[in-house]
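This is what each chain is made of:
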Amino acid sequence: MASHEARRAQLLVVDDHHEVAAVMVECLEQLGVAAEAVHSAEDALERLGEDEFDLVLCDVVLPGMSGLELLRHARQHWPLTKVALMSGYGSIESAVEAMRSGACDYLAKPFTNEALLTVVKRALMLDDVEGGFNLAAIAGEVAAAVASDSSFSDDMLEGLRRALRVLVRVTGADDAEIFLCEPEGRDPLLCVWTGPDDDALVARTRFSAGLGYPGLVVATGTSICRKGNLGEDPRYLRKSVVDAGIRSLVAVPLPDARGVLGSLHLLSRRDDFPVERVLELLERAAVPLASAVRAGVAALRQSVDAVCGDLDDGGGQLRAVLELMRQVAGAQYGTLALIDPATDRPSRVVSTGPASLVCAHAESGALASCTSLLAAHGVAAQPGRREWPEACRCGLPRRAISPCCLPLVANGRLHGLAVLDFGRAAPEHTHARLVPLLCMASQLAIRLQGRAPGVAVRGVADNGELVAIGGGAPPELELRCFGPFAVWRRGQPIPAESFTRGKALVLLKLLALSGGAPINRDVLIEQLWPEVGPRQGANRLHGVVHDLRSVIEPSRNDRDWKYVRNRGELYYLDVSGAIDVDLVRFRQAVARGVRADDEGAPDAVGALEDAVATYRGELFADEPFAAWCDAERAHLREAFVDALERLARLHRAQGNDERVLACWRRVLRASPFREDLLIAQMELLRELGRPREAQAAYEEHRRMLDGELDAEASPELLALSQRVRALAQKAARAEMPTEARRRRAGLTARPLRS
């Protein structure tokens, strides 16, 4: 039989920005696919008629025919060709419409190369796996289960529940569950579940990132499998589920272009549960589930936008939004209070019921008394005040029976809070509605940004403790260099597509990186266009500078630029005015903290806390392969790690063990091969009587060594792991009922003889 080469996947990029399209094609070729670019929907339709394409990556906003119109044409005439749409962060309506019109995925600009490749890999996973699961058929059944035209949370959650029942049926699992992440607090919360062990599943409904299976999946974006002996895995922190007889578990992330939406779990009592085959099935099924979550959440946000108006009618729109949230929750009545950043107290209060439910902490301006509020965590409590969080017991009025508290937080700024009350007829599990309601609250906070600055939450430690808060108006211009690069003007994000020239944002990054120091024109030209000559490069630079200024300083004239300035051939970013650059702020805070620490000054902790709170991720995370910032990226990471180590030492001297552990966890995420800090962390956890957490930290480190370096742990670390494992097993045996311990030891009860 003659052999032949397998057909390469054909991809078509549609973007009217020529440079963006060219970069995408170059990136896609890393996957070994055949990619080409066109710059209008009309040209795309012509190419689709000429060739067979597997996937089209299309911008929503195009000259002439839009991306949504192209999507509808493609679905009608080339149904086997998948279409993924791309647009700016603010296009919620486009996201909803795209999912309902048949898009296989949705990318929010600006996106990283990794996010682009992830979407393409998901779209091209077409082959079924061996082992008896028809992946395409089951994924189609899951997609049909979550299909809904409704925007309300109950319908979205019910669709997810139907999908879980499909997965339980086809795999033979006992239970299934979905955790979804809060929009701002980022804790994964149990939102949907099915199976006979619901009492055990709901015994713990919230995890912090990095803790437990849900927290680990959300923090790392990787799947976890356990085949038998689930209770012996120290990472699994739900004793009630193990006690219910669950032995095996598969957990996969719900993927999103900007991170992870949550985690999907299948649980089984079988030791021989086929976790490898189930893993491949769940990773395929997670794609339509994630799309349904994105579309449902986007529709909820859109419903808030639809009733917000200009938010300046004396409270009518606020009351309408509150009523919408009450209806979605199924609550009896509620109160919405906006916070005045000058006083930290309510400035406007509206209610849909007979009396206000404003929390006493907010009434008095003592916002720091409720760390859940300031950490953007929602709270849903059943009737019975004794079981409520302490802050709620002390703060909520006596008329509250079954409250649900929702902070109005967006981009780290608190604008108010909404309190709903389910009353005595509260549903059994009010926490299931928290994530959809928090998304609505977050969208309202986004709308409030333009009219009030809110109370800035400058940082919340990993253990949930408030680091510092402060009011004040948002800066006129804000550059966020840590994590994906973002530009904000007066508290509102500037979409990437506002810059008509693709190099404008790169130029702004280069200027921000210099921190106000001037850069020669020739150096900028070499960085931006290394292949062109000086004259052509100068012309291009002039056009890019003009485009950049016209976007970030639209009210200025050519002779009075405020931010991007030049002296002859020297260009620089003027950081002395009403501009906030987190990179500049981080460098200054680190310098203050290091100097104060070396001098033994008491303000060292505050400065270092400010520094580590500013570091939200790698420098320019949207350009992970940009060689021009590699050296500074590594230098900043080292400065961040050094600041955390200094903080840990200072907190250790003051006896703040939880703060010490929080610092070490962050160091190990940034520098995962630091065995000295891992040993110190495990020793402290052992001293605190928490050997299971110590063992979980070791297991995570061992998997990383096996997967990345193929190296072994040091003898000291191995010896410590054996000691904490013994302590963890001893603690587990102590928690077992007497009869269970006897069975595990191989003993059986003998009848008494007469």
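Above this text sits the structure in question.
The present account deals with the structure reproduced in this document. (Residues numbered from 1 in each chain as written. Predicted model: local features only at pLDDT ≥ 70, side-chain atom pairs only at ≥ 80, totals over all residues. Heavy atoms only, no water.)

## Remarks on the overall build of the protein chain
Part 1: Summing up its helical and strand segments, the protein chain has 27 helices and 24 strands in all.
Part 2: Looking at the protein chain as a whole, 52% of its 754 residues are labelled buried.
Part 3: Here the protein chain has roughly 33,300 Å² of accessible surface; of this, 49% comes from carbon and sulfur atoms. (Helix = DSSP H or I, 4+ residues; strand = E, 2+ residues; numbered from the N terminus. Buried < 20%, exposed > 50% of the residue type's maximum accessible area, 1.4 Å probe, protein only. Areas by Shrake-Rupley, 256 points an atom, 1.4 Å probe, with all protein chains shown as cover.)

## Topic: empty space enclosed by the protein
Part 1: Within this structure, the stated rule accounts for 2 cavities of 30 Å³ or more.
Part 2: One number sums up the size of the largest cavity: a volume of about 120 Å³.
Part 3: Cys359, Cys370, Leu373, Cys392 and Cys405 are, among the 13 residues lining the largest cavity, the residues nearest its centre.
Part 4: Among the secondary structure elements, those contributing two or more residues to the lining of the largest cavity are helix H14 (371-374), helix H15 (390-395), strand E14 (403-410) and strand E15 (413-421).
Part 5: When its residues are assigned to classes, the lining of the largest cavity shows 11 nonpolar, 2 polar and no charged.
Part 6: The calculated volume of the second largest cavity comes to roughly 50 Å³.
Part 7: If you tally residues by element for the lining of the second largest cavity, the top one is helix H16 (residues 434-448), at 3 residues.
Part 8: Across the lining of the second largest cavity, the residue classes tally to 6 nonpolar, 1 polar and 2 charged. (1 Å grid on protein atoms, 1.4 Å probe; cavity = no way out; pocket = protein on both sides within 12 Å on 5 of 7 lines; lining within 4 Å. Points joined across faces, edges and corners; volume = space filled by probe spheres on them. Nonpolar A, V, L, I, M, F, W, Y, C, P; charged D, E, K, R; others polar.)

## A few points about the side chain of Asp54
Part 1: The topology assignment puts Asp54 in the loop between helix H2 (41-50) and strand E3 (55-59).
Part 2: Residue class for Asp54 comes out buried when judged on its relative accessible area of 17%.
Part 3: A polar contact is formed between the side chain of Asp54 and the backbone nitrogen of Gln10, at a distance of 2.7 Å. (Polar contact = N/O pair within 3.5 Å; in protein donor to acceptor, adjacent residues only side chain to side chain.)

## With respect to the pattern of salt bridges
Part 1: Taken as a whole and judged by the stated rule, the model has 45 salt bridges.
Part 2: A salt bridge links Arg674 to Glu645, with the nearest nitrogen and oxygen atoms 3.0 Å apart. Residue Arg674 is found in the loop between helix H23 (657-670) and helix H24 (675-687), and its partner Glu645 is found in helix H22 (residues 630-653); the two are separated by 29 residues along the sequence.
Part 3: Under the relative-accessibility criterion, Glu645 is labelled partly exposed at 29%.
Part 4: For the salt bridge of Arg723 with Glu683, the shortest nitrogen-to-oxygen distance reads 3.8 Å. (Salt bridge = Lys/Arg side-chain N within 4 Å of Asp/Glu carboxyl O.)

## Some remarks on unusual backbone geometry
Part 1: Lys109 connects to Pro110 through a cis peptide bond whose omega is -5°.
Part 2: Residue placement: Pro110 occurs in the loop between strand E5 (105-109) and helix H5 (113-123).
Part 3: For Asn229, which is not a glycine, the phi torsion comes out positive at approximately 55°.
Part 4: Checked against the element boundaries, Asn229 lands in the loop between strand E8 (224-226) and helix H10 (239-243).
Part 5: For Asn229, a relative accessible area of 32% translates into the label partly exposed.
Part 6: In the Ramachandran plot, Phe620 falls in the positive-phi region, its phi being about 50° despite a non-glycine side chain.
Part 7: Residue position: Phe620 is located in the loop between helix H21 (604-614) and H22.
Part 8: For Phe620, a relative accessible area of 0% gives the class buried.

## Observations concerning the pairing of E15
Part 1: Burial within E15 is extensive, with 9 of its 9 residues counted as buried.
Part 2: In this structure, strand E11 (residues 333-340) lies alongside E15, joined through 6 bridges in antiparallel fashion. The residue of E15 that forms the bridge with Leu336 is Ala418.
Part 3: Pairing analysis gives 8 bridges linking E14 to E15, with the strands arranged antiparallel. Looking across to E15, one finds that Cys404 is bridged to Leu420.
Part 4: Here E14 folds back onto E15 in antiparallel fashion, the turn holding 2 residues, of which Asn411 has a positive phi close to 55°. (Pairing = 2+ DSSP bridges.)

## A few points about the sheet that holds strand E1 (residues 10-14)
Part 1: Strand order in the open sheet formed by 5 strands is E2-E1-E3-E4-E5, with parallel pairing between adjacent strands. Each edge of the open sheet is held by one strand with a lone partner, namely strand E2 (34-38) and E5. Adjacent strand axes in the sheet meet at a mean angle of 20° when their direction is disregarded.
Part 2: Of the strand pairs in this sheet, E1 and E3 are connected by 4 bridges, and their pairing is parallel. Residue pairing for E3: Val13 is matched across the bridge by Leu57.
Part 3: Sitting on the sheet, H5 touches E1, E3, strand E4 (82-88) and E5, and the angle it makes with E5 is about 175°. (Axes fitted to C-alpha atoms, helices over the stretch in contact; angles between N-to-C directions. Contact = heavy atoms within 4.5 Å.)

## Section: the packing of aromatic side chains
Part 1: This model, assessed by the stated rule, comprises 8 aromatic pairs.
Part 2: For the ring pair Tyr213 and Tyr236, a centre distance of 4.9 Å and an interplane angle of 75° mean the geometry is edge-to-face. Of this pair, Tyr213 sits in helix H9 (residues 212-220) while Tyr236 is found in the loop between E8 and H10, placing the two residues 23 residues apart along the sequence. In this structure, Tyr213 and Tyr236 share a single accessibility class: buried.
Part 3: On the numbers, 5.7 Å between centres and 45° between planes, the contact of Phe620 with Trp628 is tilted.
Part 4: Counting every residue linked through ring pairs, the aromatic cluster contains Phe482, Phe586, Tyr615 and Phe640.
Part 5: One residue, Arg480, lies across the ring of Trp488, its end atom 4.2 Å from the ring centre.
Part 6: The lysine or arginine in question, Lys509, covers the ring of Phe620, its NZ or CZ lying 5.5 Å from the ring centre. (Phe/Tyr/Trp six-rings, centres within 6.5 Å; stacked < 30°, edge-to-face > 60°. Lys NZ or Arg CZ within 6 Å of the ring centre and 35° of its normal.)

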